[in-house]
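Residues per chain, in single letters:
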Amino acid sequence: MKIALAQLNYHIGNFESNLKQMSEAIQEAKSEGADLICFSELCTCGYPPRDFLEFRDFIQRSMKVIQELCNLSEDIAIIVGSPTVNPEIEGKDLHNSAFFLFEKKVHHVAHKALLPNYDIFDEYRYFEPARSFKTLEFKGKKIALTVCEDIWNLGNNNPMYTICPLDEMMEEGFDMIFNLSASPFDYIHASDRLEVIRANVNKYKVPLFYVNNYGAHTEIIFDGGSVVMSPDGSIYDELPYFERALKIYDLDDVVRGRVEQQQTKHSIELIYRALILGIRDYFKKMGFQRAILGLSGGIDSALTAVLAVHALGKENVKGLLMPSEYSSSGSITDAEALANNLGIDYEIIAIKDIQNKYLETLSPFFKDKPQDVTEENLQARIRGMLLMAFSNKFGYILLNTTNKSEMAVGYGTLYGDLCGGIAVLADVYKTQVYELAAFINRDETIIPINSIQKPPSAELRPGQRDSDSLPDYSILDPILFEYIEKRQGPSDLEAKGFEQNLVNRILKLVNRAEFKRHQSPPVLRISTKAFGQGRRLPIEAKYLY
């Protein structure tokens, strides 16, 4: 038996495009003699569809894609994921299902049993879990169909679930496992996936064909990396990350196994590629083409500009340099050097006169009050207004350059440097920003060395440095990581050796900044716990301050 895996980039609600991609893959697989082709989870409609699932028309159009694919299954079997209507009176209205199509018929439908309801996932909001489990037969082989999370409760050891679908099918026996997945990227998840797949293969002693999609849907990025694993637990093949792939495997070869094939998973390179895909797909799927961003001469804006150029092309990226009276001459020359290195167009608009006009206008109301953060924030908001003016007039989408460390502690100005269409670095800690800059400069100097080496500063007052308001990022980031990603509270952090007053100060900053994050752009997710839909905290809570 020849089996094709199709790793494609779907678009939520774009049924025509999704069908076209799958149809082309089917024809390609047929031309290479495949007997069966497998696609990923909910690929008829794209994942995650969220509340679109509440629209009857959305489900009907998903099923129309199934019907069209059924017509293509005359001489090739097709495994495809789609939402389906639950015919039972009790329970939720829908199932998350895997279809087996052959000879222009629906031969089998398997429903997902384990519905994740944590972090970015909320499938139990929409779907009814499977209650019964059956294998299917094709060309003399028994197949166990599973959907994504269904293989993540091996031996029923996951406390979130009470059933293991593959255990339920063991009585019938099966010769191979297919898993249709929509597994989002984070920089440690690829390794976790392989461990779970290998654990399943080691238990059931059959080959496992794991099909993931790739592509980005606003915050959520999918990395692909589909896997074929032999019964001996060796990786027979692993499809590439962050790109389309279609590959055909001879089942007998997979069963025999071979020397393990596995891609290198350097986290910084994966983050770099994920961010590029996140930017590219956000623009493509929204119908945008050109980006604009403020270039300050600092490392965050420099890194964002590089990622944007790699995602969209230098001709589609514009920089705006907006020096104030507090900007150093080095900041301007560093920003110009970066723009020249990248070959992007840029403009320089000094904001001193605009700022003075604001201050003159506000003077009768501010009277003799001393200058404070108000005047600093005015500069950030002037810059935001100028960037948005260019965005409106010329059709640019503004890229937000705030990093995760700043976003965490509220070190940013609402309606100023926190504005934008998408937050590129807001799930990347400052220390990771430096690692990414080093990765980009590994062969040649693209980001000016001075942008990397100079002390970080917002340059909103004379001699200002980030360290005036915050601990050094080498101290700050580990505490933020333990609190945000690991959910470690004050006593936990103190037990790990962090100083009590510092912990209390930082956690207070994080929690008090929640109102800013609720008004900030969506964040490209590359970690296990990003700001946005996967981290839901109340704004006005008293906890920790």
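Think of each chain on its own: its residues are numbered from 1, step by step along the sequence as written. Local features are withheld for residues below a pLDDT of 70 in this predicted model, meaning they are given only at 70 or higher, and side-chain atom pairs are given and counted only at 80 or more; totals for whole chains, interfaces and linings count all residues. Derived side-chain values reflect all non-hydrogen atoms in the structure, with water molecules and hydrogen atoms excluded from consideration.

Our next topic: the pattern of salt bridges. Every case where a carboxyl oxygen of Asp or Glu lies within 4 Å of a side-chain nitrogen of Lys or Arg is listed as a salt bridge. One pass over the full model with this rule turns up 27 salt bridges. Its salt-bridge partner being K203, residue D167 comes within 2.9 Å of it at the nearest N-O pair. Here K203 lies in helix 4 (residues 189–204) and D167 lies in helix 3 (residues 165–169), a separation of 36 residues in the sequence. A relative accessible area of 25% places D167 in the partly exposed class. In this structure, the salt-bridge partner of E514 is R517, at a minimum N-O distance of 2.7 Å. With E514 and R517 both in helix 17 (residues 514–517), this residue pair falls 3 residues apart, about one helical turn. Each member of the pair, E514 together with R517, is buried. For the purposes of this entry, the term helix denotes a DSSP run of H or I that reaches at least four residues, the term strand denotes a run of E that reaches at least two, and both are numbered from the N terminus. Buried residues are those whose accessible area, probed at 1.4 Å on protein chains only, stays under 20% of the maximum for their type, while exposed residues exceed 50% and partly exposed ones sit between those limits.

Whether two strands pair comes down to DSSP finding at least two bridges between them. Two strands pair when backbone bridges link them, and strand 4 (residues 94–102) and strand 5 (residues 105–111) are joined in this way by 6 bridges, in the antiparallel orientation. Considered in strand 5, the bridge of F99 is made with V109. In textbook terms, the turn of a hairpin is the stretch between consecutive antiparallel strands, and for strand 4 and strand 5 this stretch comprises 2 residues, one of which, E103, has a positive phi near 55 degrees.

Another point: the nonpolar core. Joining through side-chain atoms within 4.5 Å is the link that ties buried Ala, Val, Leu, Ile, Met, Phe, Trp, Tyr and Cys residues into a set, and such a set is a nonpolar core. Counting residues in hydrophobic clusters, the biggest one holds 54 residues, and the most contacted among them are I221, L275, L295, L307 and I526. Looking at this core, the elements that each hand over two or more residues are strand 10 (214–217), helix 6 (267–286), strand 15 (290–294), helix 7 (299–312), strand 16 (317–321), helix 8 (329–342), strand 18 (396–400) and helix 12 (430–440). Looking at this core element by element, the count peaks at 11 residues for helix 6. Any pair of residues with heavy atoms lying within 4.5 Å of one another is described as a contacting pair. For L307, the contacting residues outside a window of four places in its chain are Y272, L275, I276, I279, V424 and L425.

Structurally, E482 is set in helix 14 (residues 473–484). Ignoring sequence-local partners within four residues, the contact set of E482 consists of R487, Q488, L493, K496 and F498.

Moving on: the sheet that holds strand 19 (residues 422–423). Pairing is parallel across the open sheet formed by 5 strands, whose spatial order is 17-16-15-18-19. Two strands close off the open sheet at either side, each with one partner strand: strand 17 (345–348) and strand 19. Pairing of strand 15 with strand 16 involves 4 bridges; the strand directions are parallel. Residue pairing for strand 16: G294 is matched across the bridge by L320. The strands touched by helix 7 within the sheet are strand 15, strand 16 and strand 18, with strand 15 carrying the most contacts at an inclination of about 170 degrees. Helix axes use the C-alpha atoms of the stretch in contact, all axes being lines fitted to C-alpha atoms, and the angles between their N-to-C directions lie in the range 0 to 180 degrees. Together, strand 16 and strand 17 form the strand contacts of helix 8, whose direction differs from that of strand 17 by roughly 160 degrees.

This part takes up the sheet that holds strand 12 (residues 227–229). With respect to topology, 6 strands assemble into an open sheet ordered 6-7-8-9-12-13, the strand pairing being mixed. With partners counted over all chains shown, the strands left at the sheet margins are strand 6 (136–138) and strand 13 (235–238), one partner each. Each adjacent strand pair in this sheet contributes to an overall mean axis angle of 20 degrees, direction not counted. In terms of strand pairing, strand 8 (residues 176–180) meets strand 9 (residues 208–211) through 4 bridges, oriented parallel. Bridging from a neighbouring strand, I177 pairs with L208 of strand 9. Sitting on the sheet, helix 4 touches strand 8, strand 9, strand 12 and strand 13, and the angle it makes with strand 12 is about 30 degrees.

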